[in-house]
Amino acid sequence: MPSLIEDVILPAERGSGIAYRMRQMGVDARAAESMAVQEKIDEVTSFAHGLWERYVLDDEMPPKVINVSRVNYLVGQVLNGGFIQFVLNSQWHKGFIADVRSGLTAVGASEHLAVFEGAARVIDDAYITGGGFIDNDKLDATLDQLESEYFSNARLSRRMRQSVDDSWTWGDRWECAQMLSARYIAGWKNVRRVAAEHYEAELDKLASAVPDRAARRRAREDTRPWEKKAIDRLVAEAFYSDIWYTAFDTRHHDGKTVWCWSFTVGKTPGQGHHQAIFVDGEAIMFEGRTNKIVARRPAPECAPGSAVASNAPDLEPGTEGKNISLLIANP
């Protein structure tokens, strides 16, 4: 069955490209190429996010766009916090995991798929027989063995059709999947390049195919916690863009232990960590785990005596138990 939207539109290309500009500035050739690859991928994931903002569902978007988006998410999470971060932040959602497999297959990242499948067996076993408790030592040992086998110089050299030697780091080897994604994108047909000033309007045209946008808009807003709406305003105030939620944590503030909402901001997940708390009638956003306040604004929902329910965990903050992560759903 065809997707609701089959067209792909991307911003008009800009001159000589980032790789050339970075090399001219003296940046290492491999690092410059990595930036160029990520730039291509970010164009695609931004297109997907633009449709999502217009209430287009994932299975209504072009499958090739979702393929790139899922591989990008996997690699970004692994490089930012290891495979376990990907497991926790994806909540090991069955449909999402299936999309990651499809994405790795589509871009031709067979070695990365083999590593993923081996790690997935450990995770699946933990959910089936261990009640969801993951043996991190077992997972790490499994990944070490799989990466040593499938990310070897010889295997990746054949896959990438270029020399991969001992100078390639662990991160470089994971980023090979991104390089394959960029090649995958380069082979797409019927991609329209649109001038920046017309790009948002073209996204609006594509999204006009959604028959019930008003209902979807209401449903999304109705189900979103008031805290997320407040975080939207905090992030906008601090001049950031996209928000990717991770997990609840605790903070000590003004003599109290309170729940905080952890999230990253930027166009790529993991670009910048922040936390927000809601206490005494105020929403406060911090830069990561530091005490640096990035933005703050009134939040009457959490004022003393307010009847508005909190959407934080129904536990006393700090009593959730060792090695337990309480995830926050996206969006």
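Quick notes on the rules
- Residues numbered from 1 in each chain as written.
- Predicted model: local features only at pLDDT ≥ 70, side-chain atom pairs only at ≥ 80, totals over all residues.
- Heavy atoms only, no water.
- Helix = DSSP H or I, 4+ residues; strand = E, 2+ residues; numbered from the N terminus.
- Rg over C-alpha atoms; globule rule 2.2 N^0.38 Å.
- Contact = heavy atoms within 4.5 Å.
- Areas by Shrake-Rupley, 256 points an atom, 1.4 Å probe, with all protein chains shown as cover.
- Lys, Arg positive; Asp, Glu negative; His and termini not counted.
- Charge placed at Lys NZ, Arg CZ, Asp CG, Glu CD.
- Disulfide = S-S within 2.5 Å.
- Expected span 1.5 Å × (residues − 1).
- Buried < 20%, exposed > 50% of the residue type's maximum accessible area, 1.4 Å probe, protein only.
- Arc of directions from axis to C-beta.
- Polar contact = N/O pair within 3.5 Å; in protein donor to acceptor, adjacent residues only side chain to side chain.
- Axes fitted to C-alpha atoms, helices over the stretch in contact; angles between N-to-C directions.
- Parallel < 35°, antiparallel > 145°, perpendicular 65-115°, else oblique.
- Nonpolar A, V, L, I, M, F, W, Y, C, P; charged D, E, K, R; others polar.
- Pairing = 2+ DSSP bridges.
- Phe/Tyr/Trp six-rings, centres within 6.5 Å; stacked < 30°, edge-to-face > 60°.
- Lys NZ or Arg CZ within 6 Å of the ring centre and 35° of its normal.

### Details of the overall build of the protein
Counting its regular elements, the protein contains 12 helices and 7 strands. Against the globule reference of 20 Å for 331 residues, the protein gives a C-alpha radius of gyration of 21 Å, in line with a compact fold. Taking the contacts inside the protein whose residues are at least 6 apart along the sequence as the reference set, 59% of them involve residues at least 24 apart. Counting only carbon and sulfur atoms, one obtains 51% of the accessible surface of the protein, whose full area is about 17,100 Å². The positive charge centre, built from 39 side chains, and the negative charge centre, built from 47, are 4 Å apart in the protein.

### Description of the state of the cysteines
Per the counting criterion, the structure on display carries 0 disulfides. Free cysteine C260: the closest other cysteine sulfur is in C302, separated by 14 Å.

### Section: helix α7 (residues 136-150)
Counted at 1.5 Å a residue, the expected span for α7 with its 15 residues is 21 Å, and the 21 Å between its end C-alpha atoms agrees. Turning to α7, its buried residues are L139, T142, L143, L146, E147 and Y150. All buried residues of α7 lie within an arc of 125° about the axis, which places them on one face of the element. Residues of α7 that are exposed and point more than 90 degrees away from the buried face comprise D137, D144 and S148. Against the buried residues of α7 lie α4 (83-90), α6 (110-129), α8 (153-160) and α9 (170-186). Between a side-chain oxygen at the N-terminus of α7 and the backbone nitrogen of D137 the separation is 3.1 Å; the capping residue is D135.

### Overview of the packing of α8 against α9
Across the interface, α8 lies against α9 with an axial gap of 11 Å and an inter-helix angle of 10°. Considering the angle they form, α8 stands roughly parallel to α9. Listed contacts from α9 to N153, L156, R159 and M160 of α8 are R173, C176, M179, L180 and R183. Looking at the contact of α8 with α9, its residues break down into 5 nonpolar, 1 polar and 3 charged.

### Thoughts on the pairing of strand β5 (residues 273-279)
Within a regular strand, the side chains alternate between the two sheet faces. In terms of burial, β5 is a largely internal element, 6 of the 7 residues being buried. Bridging between strand β4 (residues 256-265) and β5 involves 5 bridges; their strand directions are antiparallel. Within β5, the position partnered with F263 by the bridge is H274. Here β5 pairs with strand β6 (residues 282-287) via 6 bridges, running antiparallel. Bridge assignment links A276 to a residue of β6, and that residue is M285. Hairpin connection, β5 to β6: the antiparallel pair is bridged by 2 residues, and D280 has positive phi, about 50°.

### Points about the packing of aromatic side chains
What the rule picks out here adds up to 17 aromatic pairs. With a centroid separation of 5.3 Å and 80° between ring planes, the pair formed by Y73 and F96 is classed as edge-to-face. Pair noted here: Y73 is in helix α3 (residues 63-81) and F96 is in helix α5 (residues 94-107), with a separation of 23 residues, a long-range link. For the pair formed by Y73 and F96, the shared burial category is buried. The interplanar angle of 75° and the centroid separation of 6.5 Å between the aromatic rings of Y245 and W261 together place this pair among those described as edge-to-face. Of the two residues, Y245 is situated in strand β3 (residues 243-253) and W261 in strand β4; the sequence distance between them amounts to 16 residues. Like Y245, the residue W261 is buried in the burial classification. Connected via pairs of aromatic rings, a cluster forms that spans Y73, F83, F86, W92, F96, F116 and W244. A cation over an aromatic ring shows up here: R220 above the ring of W52, its NZ or CZ 4.0 Å from the ring centre.

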